[in-house]
Amino acid sequence: MSEMELKELNKIWQEILNSIELEVSKPTFKTWFVNTNIVERRGEKIIIGVPSNFVKEWLKKKFLNLITKHIKKFFQDVKTIDFVVVNKPIISISHIYKKEIQSSSKLEIFQIDPKTNLNKKYRFSNFVVGSNNELAFAAAEGIVKNPGEKYNPLFVYGGVGLGKTHLLQAIGNEILEKNKNLNVKYLTCDRFISELVNYIKNQQIEEFKLKFKDLDILIIDDVHFLSQKDRAQTELFHIFNFLYDRGKQIVFSSDRPPVLINDIEERLRSRFEGGLVVDITPPDYETRLAILKMKLSEKGEYLPDEILSLIAEKVQKNVRELEGVLNKVLIYASKKQQINKEILDKILKEYYQDTYKLVSPSRILNIVASFYEINQKYLLEPTRKKEYVKPRQILMYLLRELANLSYPAIGEKIGGRDHTTVMYACEKIKKDIQRNEDLAREVEILKEKILNG
Ligand code: ADP
Ligand code: MG
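Thresholds, definitions, all that
- Residues numbered from 1 in each chain as written.
- Chains lettered and ligands numbered in written order.
- Predicted model: local features only at pLDDT ≥ 70, side-chain atom pairs only at ≥ 80, totals over all residues.
- Heavy atoms only, no water.
- Buried < 20%, exposed > 50% of the residue type's maximum accessible area, 1.4 Å probe, protein only.
- Helix = DSSP H or I, 4+ residues; strand = E, 2+ residues; numbered from the N terminus.
- Pairing = 2+ DSSP bridges.
- Right-handed = clockwise from strand over helix to strand, strands pointing away.
- Axes fitted to C-alpha atoms, helices over the stretch in contact; angles between N-to-C directions.
- Contact = heavy atoms within 4.5 Å.
- Domains from an automatic or database assignment.
- Buried area = accessible area lost by both parts, 1.4 Å probe.
- Salt bridge = Lys/Arg side-chain N within 4 Å of Asp/Glu carboxyl O.
- Polar contact = N/O pair within 3.5 Å; in protein donor to acceptor, adjacent residues only side chain to side chain.
- Nonpolar A, V, L, I, M, F, W, Y, C, P; charged D, E, K, R; others polar.
- Expected span 1.5 Å × (residues − 1).
- Bend = angle between axes of the 7 residues up to and from the residue.
- Near = heavy atom within 4 Å.
- Areas by Shrake-Rupley, 256 points an atom, 1.4 Å probe, with all protein chains shown as cover.

1. Structural notes on the pairing of strand E6 (residues 217-221)
Here is step 1: Across the five residues that make up E6, a large majority, five, are buried.
Here is step 2: Going residue by residue along E6, you find Ile-217, Ile-219 and Asp-221 tucked away on one face and Leu-218 and Ile-220 tucked away on the opposite face as well.
Here is step 3: Bridge count between strand E5 (residues 184-188) and E6: five bridges; the pairing is parallel. Looking at E6, one finds that Thr-188 is bridged to Asp-221.
Here is step 4: The pairing of E6 with strand E7 (residues 249-254) spans four bridges and is classified as parallel. What sits directly across from Leu-218, in E7, is Ile-250.
Here is step 5: Traced from E6 through helix H9 (residues 230-245) to E7, the parallel crossover comes out right-handed.

Below you can see the structure in the form of structure tokens.
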């Protein structure tokens, strides 16, 4: 193919890119489509050059239909589209993106609208959709299209750091983007409860209720905290009914499905379950990789794909950790440290130590005991009663994982048990977590409470 022909082709490719740009979000476009071009046309085949293998796989997997659709507009007879990695220095997207980010991020990231409580940084466009969250995302999109109609209420549940808050706030932001006259309010459950308590204290409960009357969209995050909060449950129940009857959209999130929220009124539980209940699970490897790319592009930074793959391999639990480790890697990289496997291991170790260093054994004991509503002494005494066995094993497991205690040290704490007993317990929980999703979630919740609560 002559150079002229190639030039012509790429002019058209630019046009194709322009129309693709209109259909995807800005970060998506910048992450996946910038630095691509047509390298060849061979009969019914078009070959697109991309900057890395990673981009190639992702385009093939997620955007092939979109690309095909647009290519067909210009080349009706093209049947196949192929991608090749073009070996030229990758231009970091950061150069294009950095300016915009720097000027906006400082303002935006901490910008929480006092009326809606929404933080503008949470958008659909910077939410990576993978198999772990696609249902929740589709529901969220549905709500933005037709609030109050299809999925009402929407109840999203999942472990910590998996994107619930991001998705819920994004629903609010996207709705306002479409129609800024709608009345949207986002509240964490804690905030709902503490405001209620204040209004009650000042004997202004009617005023409290009034605050919700005119809402079109009510979003309440982390409703598992309603457990045992009888008054808050009652008020929420009435607010819910009031809004629901008027066709207003309501969205909830929780760290567990409604059936597993303890000490909550049945009638409220059935409201939670009355619309669509969807979960978000931990992201798979590919999604983790894509999230890393997204976070990098938001920060206007660049790291080679090999490093990103390493991080995505190692950090599997949740997105918050993924971000935390990425930030640490960026600090190392900015000091001109060569990032390799060994350095990454060191960074991970540091990250977990920093995150977990405040965890004392007594804190773990406290939280496990109150979570299972067991008197601490039964966890420590050598009773063999069945209902204490599992919590005690989990306690040992957490002492090992979070407080880094040795098996003998744990044995000593838990009523002078032999270290092999402790080892057995820790191994058992470790194995069970992999087989039993409910247990995994329970332990996840406990860890979150211990680390952040
Ligand atoms: P949760 O509320 O479930 O504990 P968050 O919504 O606070 O989790 O998410 C933790 C961090 O991870 C946030 O910075 C969020 O932007 C990010 N995050 C989570 N899921 C995604 C995703 N799918 N795409 C992009 N960022 C994500
Ligand atoms: Mg959250």
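2. Notes on the sheet that holds E7
Here is step 1: Pairing in this open sheet of five strands is parallel, and the strands run E5-E6-E7-E4-E8 from one edge to the other. Looking at the sheet topology across the chains shown, the edges are occupied by E5 and strand E8 (276-280). Each adjacent strand pair in this sheet contributes to an overall mean axis angle of 15 degrees, direction not counted.
Here is step 2: Set on the sheet, helix H5 (residues 134-145) makes contact with strand E4 (154-158), E7 and E8; between it and E8 the angle comes to about 135 degrees.

3. As for the domain arrangement of the chain
Here is step 1: Under the domain assignment used here, the chain contains domain 1 (3-88), domain 2 (113-280), domain 3 (285-346) and domain 4 (361-452).
Here is step 2: On a C-alpha basis, the centroid separation for the pair domain 2 and domain 3 is 32 Å.
Here is step 3: Counting residues at the interface gives nine residues for domain 2 and nine residues for domain 3.
Here is step 4: Summing the contributions of domain 2 and of domain 3, the shared interface buries around 720 Å²; its carbon and sulfur component is 60%.
Here is step 5: Of all residues in domain 2, the largest losses of buried area upon contact with domain 3 belong to Asn-126, Val-128 and Gly-161, amounting jointly to 62% of the total for that side.
Here is step 6: Inspection of the domain 2/domain 3 interface yields zero salt bridges.
Here is step 7: Along the contact surface separating domain 2 from domain 3 lie four residue pairs in polar contact (both at pLDDT 80 or more).
Here is step 8: Residue classes in the side of domain 2 that touches domain 3 are distributed as three nonpolar, six polar and no charged.

4. Examining unusual backbone geometry
Here is step 1: In this structure, Pro-153 follows Asn-152 across a cis peptide bond, with omega equal to -5 degrees.
Here is step 2: With respect to the secondary-structure elements, Pro-153 resides in the loop between H5 and E4.
Here is step 3: With a phi close to 55 degrees, Gln-203 is a non-glycine residue in the positive phi region.
Here is step 4: Position of Gln-203 relative to the elements: it lies in the loop between helix H7 (189-201) and helix H8 (205-213).
Here is step 5: Here the phi dihedral of Glu-373 falls at roughly 50 degrees; this positive angle occurs in a residue that is not glycine.
Here is step 6: Along the chain, the position of Glu-373 falls in the loop between helix H15 (361-371) and helix H16 (376-380).

5. Some remarks on the sheet that holds strand E3 (residues 80-85)
Hydrogen bonds along the backbone pair up the strands of a sheet, which may run parallel or antiparallel.
Here is step 1: Taken in spatial order, the three strands line up as E1-E2-E3 in an open sheet, and their pairing is mixed. The sheet is open, and its two borders are formed by strand E1 (37-42) and E3, each paired with just one other strand. Between one strand and the next, the sheet's axes are offset by a mean angle of 25 degrees, whatever the strand orientation.
Here is step 2: The pairing of E1 with strand E2 (residues 45-50) spans five bridges and is classified as antiparallel. Looking across to E2, one finds that Arg-42 is bridged to Lys-45.
Here is step 3: The sheet strands contacting helix H1 (residues 3-23) are E1 and E2, and the helix crosses E1 at an angle near 120 degrees.
Here is step 4: Together, E2 and E3 form the strand contacts of helix H3 (residues 53-74), whose direction differs from that of E3 by roughly 150 degrees.

6. Examining the environment of Ile-171
Here is step 1: Assignment of secondary structure puts Ile-171 in helix H6 (residues 164-178).
Here is step 2: Judged by its relative accessible area of 0%, Ile-171 falls in the buried class.
Here is step 3: What Ile-171 contacts, discounting residues up to four positions off in sequence, is Phe-124, Ala-140, Ile-143, Val-144, Leu-154 and Val-251.

7. Some remarks on H3
What sets the pattern is the α-helix's 3.6 residues per turn: residues three or four places apart point alike.
Here is step 1: Counted at 1.5 Å a residue, the expected span for H3 with its 22 residues is 32 Å, but the 26 Å between its end C-alpha atoms falls short.
Here is step 2: Phe-63 marks the point of greatest bend in H3, at about 80 degrees.
Here is step 3: For H3, every residue scored as buried is listed here: Phe-54, Val-55, Lys-56, Trp-58, Leu-59, Phe-63, Leu-66, Ile-67, His-70 and Ile-71.

8. Notes on the site of ligand 1
Here is step 1: Surveying the vicinity of ligand 1 reveals 18 residues, the closest of which are Val-128, Gly-161, Thr-165, His-166 and Glu-323.
Here is step 2: Backbone polar atom of Gly-161 to an oxygen atom of ligand 1: 2.7 Å apart, as the coordinates give it.
Here is step 3: Gly-163 places a main-chain nitrogen or oxygen 3.0 Å from an oxygen atom of ligand 1.
Here is step 4: Isolated, ligand 1 exposes 560 Å² of accessible area, and the fraction of that covered by the protein chains is 92%.

9. Looking at H15
Here is step 1: Buried within H15 we find Ile-364, Leu-365, Ile-367, Val-368, Ala-369 and Phe-371.
Here is step 2: Just beyond H15, the residue with positive phi is Glu-373, at close to 50 degrees.

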